[in-house]
Structures are given as structure tokens and as C-alpha cells.
Amino acid sequence: KQDIFFINSDRLRFLKRTEQYSKKFDVSVIAYCLMPNHFHLILKQEGETSLGHFLRHLLVSYAMYINKKYERVGPIFQGRFKAKLITDDSYMMQLVRYIHQNPKELIGSKTDLLFYEWSSYPNYLGLKKDFVKTDFVLKYFSKKDPASDFKKFCEAGMTEKVERSNLSRSRPGLEHL
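All of these numbers come straight from a predicted model, not from anything done at the bench. (Residues numbered from 1 in each chain as written. Predicted model: local features only at pLDDT ≥ 70, side-chain atom pairs only at ≥ 80, totals over all residues. Heavy atoms only, no water.)

**A short note on the packing of aromatic side chains**
Tallying each qualifying case throughout the model produces 14 aromatic pairs. Ring plane angle 15° and centroid distance 5.9 Å describe the contact between Tyr 32 and Phe 131, whose orientation is recorded as stacked. Here Tyr 32, found in strand β1 (residues 27–34), pairs with Phe 131, found in the loop between α5 (121–124) and α6 (135–138); they are 99 residues apart in sequence, far enough to count as distant. Here the aromatic cluster, defined as three or more aromatic residues joined through ring pairs, consists of Phe 5, Phe 14, Phe 39, Tyr 62, Tyr 65 and Phe 77. The ring centre of Phe 136 lies 5.0 Å from the NZ or CZ of Lys 139, which sits over that ring. (Phe/Tyr/Trp six-rings, centres within 6.5 Å; stacked < 30°, edge-to-face > 60°. Helix = DSSP H or I, 4+ residues; strand = E, 2+ residues; numbered from the N terminus. Lys NZ or Arg CZ within 6 Å of the ring centre and 35° of its normal.)

Below, the structure written as C-alpha cells:
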């Protein structure tokens, strides 16, 4: 319940390490959101290395950085990370929307989600290019303007149902953290 990101350079460092370790351990980052005291990731294991191995390296690296920078000792993260296996596309889409709506309380519910720079939301709208694999999600939207369709979907209420007919395939290897 304490902050894990103190200033923007901490967030940048976490994202840089996320990118480095995702390449090293063959993990695709589907979505992310960094909040002051926690983070969300949707990851897809592409190779043989487990997602746990990727996360262990990421979290230990970040904790060492924070402890050295702020002259701290001890753990920065409370307990083991929580992971949920994503078993179908409908669940994945709800999680992607949930993750991108997470900062609404910080930025104000009437403010556009684009004003929160510490999520992968701008990637999905084509406004930012980095290590996030947006094609994995955007293929479920119109070919003509998937970014606009994604924006409408993401900004819709969480109670809105995702049509299962379009999202029926299983997604083994995906996890929400």
C-alpha cells in the first residue's frame, strides 16, 4: 500500500527494464499500467522461459535500483506477485479495458485517458510506439480504424459486455499481473 514509483525517472526505469527483460526472456507485453503503488501487466509467454522467471528478474532489478537510489534496504514489493491465467479472449479484452481505465481516479473521470502517460493506452491509439504488442488485441477491431474502435471500447463502461462470438479462441500463455 506504499508507493513503488516516486518520480517519473523511476517509471521510465521500470519500463526500460520491462522492455529489456521481455526481449531477453521472449515475453510479449500486451498491456501495462503503472500506478503509484502497483502496476498491471498482461504478458504472453512466447518461448520456453516462464513468466515467473521474467518477473523475478524485473522485480529484483527494480527493487535494487530503488534501494540504491533512495538509500533504502529491504523489499519494495509486498509478497509474491499475483497472476491470473487468461483463458479466453473475452476475459482478455475486459482486462485490457480494466487496465487502461485504472488511472481514471488519478486523472479525474471526465479527463481523457490519454492524459495518463504511464499506460500502454497511447500505444493502442497509434500515438506511441515501443515494446507493447498491440496487434494481438487490435486484430479484434475493424480493419479500417482499429484505434478508434479500441478507444470507444476502452472508454465504454466496464459493465458493457464483449461479444463472445468475436472472441472465442482460447489464449494459453497469457497472464495478467
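Let's pick the thread back up.
**Focus: helix α7 (residues 146–155)**
Since the α-helix packs 3.6 residues into each turn, any two residues three or four apart lie on the same face. Of all the residues in α7, the buried ones are Ala 147, Phe 150, Phe 153 and Cys 154. Along the axis of α7, the buried positions cluster into a sector of 125°, meaning they face one direction only. Each element contacted by the buried residues of α7 is listed here: α3 (89–101), α5 and α6. (Buried < 20%, exposed > 50% of the residue type's maximum accessible area, 1.4 Å probe, protein only. Arc of directions from axis to C-beta. Contact = heavy atoms within 4.5 Å.)

**Describing the pairing of β1**
Burial within β1 is extensive, with eight of its eight residues counted as buried. If you look at the hairpin formed by β1 and strand β2 (residues 39–45), you'll find four residues sitting between the two strands. (Pairing = 2+ DSSP bridges.)

**As for helix α1 (residues 8–24)**
Under the 1.5 Å per step criterion, the end-to-end length of α1 is 24 Å for 17 residues, consistent within 8% with the ideal 24 Å. Buried within α1 are the following residues: Asp 10, Arg 11, Phe 14, Leu 15, Thr 18, Tyr 21 and Ser 22. Along α1, the residues classed as buried sweep out an arc of 135° about the axis, all on the same side. For α1, exposure combined with an orientation more than 90 degrees from the buried face picks out Lys 23 and Lys 24. Of the surrounding secondary structure, the elements contacted by the buried residues of α1 are β1, β2 and α2 (51–69). (Expected span 1.5 Å × (residues − 1).)

**Digging into the pattern of salt bridges**
A pair can form between side chains of opposite charge whenever their charged atoms are brought close. Scanning all chains against the criterion turns up four salt bridges. A salt bridge links Lys 23 to Glu 19, with the nearest nitrogen and oxygen atoms 3.3 Å apart. With Lys 23 and Glu 19 both in helix α1 and four residues apart, the pair spans about one turn of that helix. (Salt bridge = Lys/Arg side-chain N within 4 Å of Asp/Glu carboxyl O.)

**Concerning unusual backbone geometry**
Of note, Asp 26 is a non-glycine position whose phi angle comes to about 55°, a positive value. Note on placement: Asp 26 falls in the loop between α1 and β1. Residue Asp 26 is classed as partly exposed on the basis of its relative accessible area, which comes to 41%. With a phi close to 50°, Glu 71 is a non-glycine residue in the positive phi region. With respect to the helices, strands and loops of the structure, Glu 71 is situated in the loop between α2 and β3 (84–85). Looking at Glu 71, the relative accessible area reads 75%, which means it is exposed.

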